[in-house]
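Each chain, letter by letter, is given below.
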Amino acid sequence: MPGAGYIKRARSRLHRTLGSIRFRLALVYGVLLFGLGAAAVGGIYWALARSLDGTTVSQSMTADRPALGDRQTPSDEQALRELLGAVEAQANERATRQLADYALVALAALLGGSAAVGWFLAGHVLKPVGRITEVARRISATDLSQRIALTGPPDELRRLADTFDAMLDRLDRSFDAQRGFVEDASHELRNPLAVIRSNLDTMLADPDVTAEDYRVVAEQVSRSVDRMSRVVDDLVTFARHEIRPQHLTLVDVGELARHATAEFEGYAASHDVRLTHYAPGGLLALGDAGSLRQALANLLSNALSVAPGGSEVRITAGGEGAWIWVAVEDQGPGIPAAERERVFQRFQRGRLAATEGRGLGLAIVRQIAESHRGEARLTSTEGFGSTFTILLPATGASSPGARIRRRDREAVAG
């Protein structure tokens, strides 16, 4: 029945209104305003009523004998005083009734006015919240460009809106990075897949294919599969280090550098490169030992891949002030100034263009350093080599005697 449906919808709207924050704020404001106004009106009424009920004016009056004549007797004077008292009492009673009526009218007007003022004030106070809700409703997963941009005094609601805008900025940057990451990964994986498909299609289309042709194609496919496997492994590593490491322990950076040197000595010897290190003990940093070991391995692999035969790759570690650092120095071709930032970006080969670099090794190094609240730095002189440095916050457990003096650090950076 239409009437029943209309009543049901009206009740639903009424329940939503009565349960809203605006109604509750308006109720609080209205009650406070009405209470203050009612107290003021009641006080005025009580004071005037008490004044009217006090000593009458007629009791303090004396008759003017010359005006009344000599024939006035005491009984006439008393009768006149009683008559004036009755008139005065009647006037006071009438004034009291009128005052009560006016007070009731004032209270009724005050009740309506306080309700209206309370509703208006609640709406004004909640207006920024409505703006926040409207912006949040317009935001979608593919469009995070909306901002509240609330103006006004720096109150709690302004701080809430600014915090919401800052969160949207972080989400927008994160989603942009995620989209770029997916696009880069797709592009990087598409090339070996295209090589595999083209080789297989060529072999299948040739009726005179031989066993040797199968072997050559299989080798090419194997190399492409290996490349995709390395890319996938690096992608997983990079994605894992997007978050802050969870397994934190005290890591001796000097010991980490010595172990990395021992691990890569054979690889360096096979490339006719001398691998040396200077890493004192006691350089303690709070971090994930596995992640830091991988970052240092990436730097060493990167340095050995560009170091010319007969050159030296040097690992140094030290500490100064609030920082612990480990650096890998090579004597390779160096990096032009225009490419020094690009080498830390995903899939940007730069100096590794002539090698089998996949463009994720240095990006992973930066990601690991930043996930430890540190940073990765690069100093390079084109034609003379490069130095990659990982800086980590010191823990305070590092002994002053284990720190490298400033001149040693400057010599390494140079």
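Everything below is about the structure printed above this text.
Not measured: the values here are computed from a predicted model. (Residues numbered from 1 in each chain as written. Predicted model: local features only at pLDDT ≥ 70, side-chain atom pairs only at ≥ 80, totals over all residues. Heavy atoms only, no water.)

Q: Let's hear about the nonpolar core: which residues, and what values?
A: V253, L300, V313, V326, V328, F388 and I390 are the most contacted members of the largest nonpolar core, which has 40 residues in total. Of all the secondary-structure elements, those providing two or more residues to this core are α7 (253–270), α8 (289–306), β4 (312–320), β5 (323–330), α9 (361–371), β6 (375–381) and β7 (385–393). Not counting the four nearest positions on each side in its chain, L300 is found in contact with A260, F264, L275, V313, I315 and V328. (Core = buried A, V, L, I, M, F, W, Y, C linked by side-chain atoms within 4.5 Å. Buried < 20%, exposed > 50% of the residue type's maximum accessible area, 1.4 Å probe, protein only. Helix = DSSP H or I, 4+ residues; strand = E, 2+ residues; numbered from the N terminus. Contact = heavy atoms within 4.5 Å.)

Q: Explain the packing of α7 against α8 to me, and be specific about the residues and the numbers.
A: Contact geometry for α7 and α8: axes closest at 10 Å, N-to-C directions at 40°. For the element pair α7 and α8, the recorded crossing hand is right-handed. Seen from α7, the contacting residues are L256, A257, A260, F264, Y267 and A268; seen from α8, they are A289, L292, R293, L296, A297, L300, S301 and L304. (Axes fitted to C-alpha atoms, helices over the stretch in contact; angles between N-to-C directions. Left-handed = near helix turned anticlockwise from the far one by under 90°.)

Q: Describe the packing of aromatic side chains, with residues and values.
A: Summed over all chains, the structure comprises two aromatic pairs. Between F264 and Y267, the ring centres sit 6.5 Å apart and the planes meet at 90°, which makes this aromatic pair edge-to-face. Here the residue F264 and the residue Y267 both occupy positions in helix α7, the gap between them amounting to three residues, near one helical turn. Relative to F388, the ring of F344 lies with its centre 5.9 Å away and its plane at 75°, an arrangement referred to as edge-to-face. Of this pair, F344 sits in the loop between β5 and α9 while F388 sits in strand β7, and the two are 44 residues apart along the sequence. For the pair F344 and F388, one class covers both residues: buried. (Phe/Tyr/Trp six-rings, centres within 6.5 Å; stacked < 30°, edge-to-face > 60°.)

Q: Residue-level account of the pattern of salt bridges, with values.
A: Applying the stated criterion to the full structure yields seven salt bridges. Among the salt bridges present, the one from D169 reaches R147, with a minimum N-O distance of 2.7 Å. Placement of the pair is D169 in helix α5 (residues 156–205) and R147 in the loop between α4 (74–138) and α5, with a sequence separation of 22 residues. Put simply, R147 and D172 hold a salt bridge, and the shortest N to O gap is 3.8 Å. With R147 in the loop between α4 and α5 and D172 in helix α5, this residue pair connects regions lying 25 residues apart in the sequence. Exposure remark for D172: the relative accessible area of 22% places this residue in the partly exposed category. (Salt bridge = Lys/Arg side-chain N within 4 Å of Asp/Glu carboxyl O.)

Q: Quick one: what's the story with a nonpolar patch on the surface, residue by residue and with numbers?
A: Together, L33, V117, F120 and L121 make up an exposed nonpolar region whose accessible area comes to about 340 Å². Mapped onto the elements of the fold, V117 is located in helix α4. Classification of V117 as partly exposed rests on a relative accessible area of 37%. (Patch = residues over 30% accessible without salt bridge, like charges linked within 9 Å, V, L, I, M, F, W, Y side chains within 5 Å. Areas by Shrake-Rupley, 256 points an atom, 1.4 Å probe, with all protein chains shown as cover.)

Q: Requested: an account of unusual backbone geometry, with residues and values cited.
A: One non-glycine residue, D272, adopts positive backbone phi at about 55°. You can see D272 is positioned in the loop between α7 and β2 (274–278). You will see that R373, though not glycine, has its phi angle at about 65°, which is positive. Relative to the elements of secondary structure, R373 occurs in the loop between α9 and β6.

That is the geometry; function is a separate question.
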